Amino acid sequence: MTSVSSRQRNSIIGLYGIPGCGKSHLLSELQKQLGNEKYTYYEGSKVIGDVADGGLPGFKKASDRRQREYREKAIKKIGESSKDGRVTVVTGHFMFWELTESIGKIVCTKGDLATYTHIFYLDVAPEVIQGYREKDAARKRSRLPVSHIQAWQRIEKAKLRRLCHEHGIIFSLLGAHQDAASLIRSVWHHDEDSNLHLAKHNLMEALGDNFSGTTVLMLDADRTLCSQDTGKLWWRTYWQHYPSDESDGFECPLRRLFSGPLGYSYAAFRQAIFLYEEAADHQRFDDICDEVASTVDMHPEFINLLRLVSDDTCVKAVVVTSGLRLVWEKILTRECLFDKIKVLGGGRIDDMFVVSPTVKGALADYLRTTLEMKVWAFGDSPMDLGMLQNADQAFVVVGREGNRSTTMDEALRVAIAKHRFQPKQVLLPATSLPRLDTKVLPITTLDSQIFVDLLFCGSKELAFIDATDTDASRVLTTPTRDASISGPALQNAHRDAGRFLALAYLPNIVGVEDYPIPHVQGHQVTGHRLQDQHHTTIIALMRGGEPLARGIYDYLPEAAFIHAKTPDDVRHGHLQNHKTVILADWVIDSGKTVAEFVRHIRKLTPDLRIIVVAGVVQSRSIAKLSPLQALMRHGDLTVIALRKSDNQYKGTGETDTGNRLFNTMHLP
């Protein structure tokens, strides 16, 4: 739905309510409390009298059409006068309804709806209004029964709320529990720019100092950290305790708001704040948040993850919610997480800012581009897409089909197709059906070793040495890609590649040492060789890596040489007292097999230097979320490749490397 854009203009607040409810008195009190430096005040009827021929008496005698023209002229005058940066407060009327009339006469004009940014409606008890009207000596007011005042209020409130939502005007009832001055103060210089500035400031406070090398988890809350919608729960709980005509056949007012013309705009989220303000005072709001928080169960996977984050210095987390900050603070407190994991969100005027989808996206971009931090974002709906797309790593949390966004699939398709977006999905609970094709939106789990290692590896990155663009690589790879070459000739090509990679790159990693050699003329001279060969093990991974390993072995002839089909083939005795292990495999596809070998070797001998040498390395195997990159959490790793490839085709049968090397293509 196209949302009404929030208008960056001076704030003009209409004070509405039934005649006699106390608007003029309130305007006078506001002027005393707020002063004139930041605010200006207008009695609407006085401005009408100023523009009408014959003043107010002439206005009252004018035809309906002429009266409407005067009203339009008056609001235009107010609008034109409200351009000095001050907030303008105006008393006004929506309708008049005498007891003798079957229906009231609406006097709100198109100009009113185009000018006001806020309308606050004095929601005074009908009995109190009746008393005010009878005691008003300055104005002669007709006596109205309480039932008529009540009906008048009900119609005004319903129609005004609808019209305000349709025209992008923030609407709120002013009840007895509310402080009108505080509400109007919250309007002062509050626009989208100031809102984002406050959100950034609060984000910085939430994360604390020392951002160097930090990874930040940005986590949406409702239906991401849990399966529930806390906003919906809040309103259901509220109506259960304080039922009214509006709660019949419960429909969450937030749903009406966000499905209306305002959409998910800044104005819509500001409007949501005022809905909470008019519904409950601070104590009542806090009590309901307590009750809601007690019914919310965080996904255990997120609880465990955030506990790990709490104990780490290089990874920080912040909950960024468009929902209720207080509810989530109470939930995190219950889980003993709130000391380390802070919440950015709204719900009350005192929060000072709202978190719209635009704000989420801007905060992710601010962390990544301005503060140069790595951002991992988690969200569940289109509201989170801006944040997810601006993150380094994006994770879409997918719940059960009946309890997740129905528009997210299409939004993801568009983002993936048009913006090179490459998120992963997390199924919570794990039995949930995945979104889209899992090849397009791969599944990951929060408790997998690879995920945890990738998150906590800090700023360390895989050392990748790529010979692809060298002339030597072009020459050496040609016979390996020639389909007419197989058997011993292909083995020799692989061995040549091993020799080249060993000679070209290993000296810079393992070093070169001097040793005495007999000169051809009969005396001793100094020779050079790769260092610590007696403390080096070369492991040929399966038969496909054997010829490549043999080529490396030619320059490390005193190293140990073993074959391994599975990690368990490598035993502690193979590595005892050694310093370096070289794993050789011709093709590294996903990197999972090599990662299993590395993990196994590190368990046997944690301090070994591990070097992986390959003929072809697929790009995805060394990407940010690859199994090989995850290994950096527990130690350094170097990968040397003759060629890097983006081709993810997996060979079978006649194209399999091992079969081509040993002429077994046609064996059953």
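If you're wondering where the values come from, they're calculated on a predicted model, not measured in any experiment.

Rules used throughout
Residues numbered from 1 in each chain as written. Predicted model: local features only at pLDDT ≥ 70, side-chain atom pairs only at ≥ 80, totals over all residues. Heavy atoms only, no water. Helix = DSSP H or I, 4+ residues; strand = E, 2+ residues; numbered from the N terminus. Rg over C-alpha atoms; globule rule 2.2 N^0.38 Å. Contact = heavy atoms within 4.5 Å. Areas by Shrake-Rupley, 256 points an atom, 1.4 Å probe, with all protein chains shown as cover. Lys, Arg positive; Asp, Glu negative; His and termini not counted. Charge placed at Lys NZ, Arg CZ, Asp CG, Glu CD. Pairing = 2+ DSSP bridges. Axes fitted to C-alpha atoms, helices over the stretch in contact; angles between N-to-C directions. Phe/Tyr/Trp six-rings, centres within 6.5 Å; stacked < 30°, edge-to-face > 60°. Buried < 20%, exposed > 50% of the residue type's maximum accessible area, 1.4 Å probe, protein only. Lys NZ or Arg CZ within 6 Å of the ring centre and 35° of its normal. Domains from an automatic or database assignment. Salt bridge = Lys/Arg side-chain N within 4 Å of Asp/Glu carboxyl O.

Engineer: Sorry, what's going on with the overall build of the protein here?
Structural biologist: In terms of regular secondary structure, the protein is built from 26 helices and 21 strands. Taking 668 residues into account, the globule formula puts the C-alpha radius of gyration at 26 Å, and the protein, at 36 Å, lies well above it. Considering only intrachain contacts with a sequence separation of at least 6, the fraction spanning at least 24 residues in the protein is 74%. Roughly 31,500 Å² of accessible area belongs to the protein as shown, and the carbon and sulfur atoms make up 49% of that amount. Side-chain charges of the protein comprise 81 positive and 81 negative groups, with the mean position of each set lying 5 Å from the other.

Engineer: Hey, could you run me through the sheet that holds strand β21 (residues 638-645) in this one?
Structural biologist: To summarise the sheet geometry, strands pair through backbone hydrogen bonds and adopt either a parallel or an antiparallel arrangement. Taken together, six strands build an open sheet; the order of strands is β14-β21-β20-β19-β17-β18 and the sheet is parallel. Because the sheet does not close on itself, it has two edges, and the strands there are β14 (463-466) and β18 (560-564). Sheet twist, expressed as the average angle between the axes of neighbouring strands with direction ignored, equals 20°. Examined bridge by bridge, strand β17 (residues 536-541) and β18 share five bridges and lie parallel to one another. Bridge pairing in β18 places I539 opposite I562. Strand contacts of helix α20 (residues 471-481): β19 (580-588) and β21, with the helix running at about 70° to β21, the strand carrying the most contacts. Contacts from helix α24 (residues 592-604) reach β17, β18, β19 and β20 (609-618), with the element oriented near 165° to β19.

Engineer: Is there a simple way to explain the packing of aromatic side chains in this structure?
Structural biologist: Aromatic rings considered in pairs are described by the distance between their centres and by the relative angle of their planes. This structure, assessed with the given rule, holds 25 aromatic pairs. Between the aromatic rings of W235 and W239, the centroid separation amounts to 6.0 Å while the plane-to-plane angle is 40°, which identifies the pairing as tilted. Of the two residues, W235 and W239 both sit in helix α10 (residues 230-241), four residues apart, roughly one turn of that helix. For W235, a relative accessible area of 2% corresponds to the buried category. Taken together, W234, W235, Y238, W239, Y242, Y276 and F285 form an aromatic cluster joined through their ring pairs. Just above the ring of Y242 sits the side chain of R284; from NZ or CZ to the centre is 3.9 Å.

Engineer: Please explain the domain arrangement of the protein as it appears in this structure.
Structural biologist: Size of an interface: often given as the accessible area lost when the parts come together. With domains assigned, the protein is organised as domain 1 (12-189), domain 2 (192-227 + 298-456) and domain 3 (463-662). Between the C-alpha centres of domain 1 and domain 3 there is a distance of 81 Å.

Engineer: Hey, could you run me through the sheet that holds strand β3 (residues 87-91) in this one?
Structural biologist: If you trace the five strands from one edge of the open sheet to the other, you get β2-β3-β1-β6-β7, paired in parallel fashion. Of all strands in the sheet, those bounded by a partner on one side alone are β2 (39-43) and β7 (170-174). Taking each pair of neighbouring strands and ignoring which way they run, the sheet shows an average axis angle of 20°. Running at roughly 70° to β2, helix α2 (residues 44-51) makes contact with β2 and β3 of the sheet. Contacts between helix α7 (residues 146-166) and the sheet are confined to β1 (12-16), β6 (118-122) and β7, with β6 contributing the most and set at about 170° to the helix.

Engineer: Is there a simple way to think about the pattern of salt bridges in this case?
Structural biologist: Evaluated as defined, the whole model comprises 34 salt bridges. With a shortest N-O distance of 3.5 Å, R348 and E277 are connected by a salt bridge. Of the two residues, R348 sits in the loop between β10 (342-346) and α16 (357-370) while E277 sits in helix α12 (residues 266-279), which places them 71 residues apart along the sequence. Just as R348 is buried, E277 falls in that class too. Salt-bridge contacts for E329 lead to R325; the nearest nitrogen and oxygen are separated by 2.9 Å. Separated by four residues within a single helix, E329 and R325 lie in helix α15 (residues 325-334), roughly one turn from each other. For E329, a relative accessible area of 16% gives the class buried. Here the salt bridges share partners, and the residues they tie into one network are D53, R65, R66 and E69.

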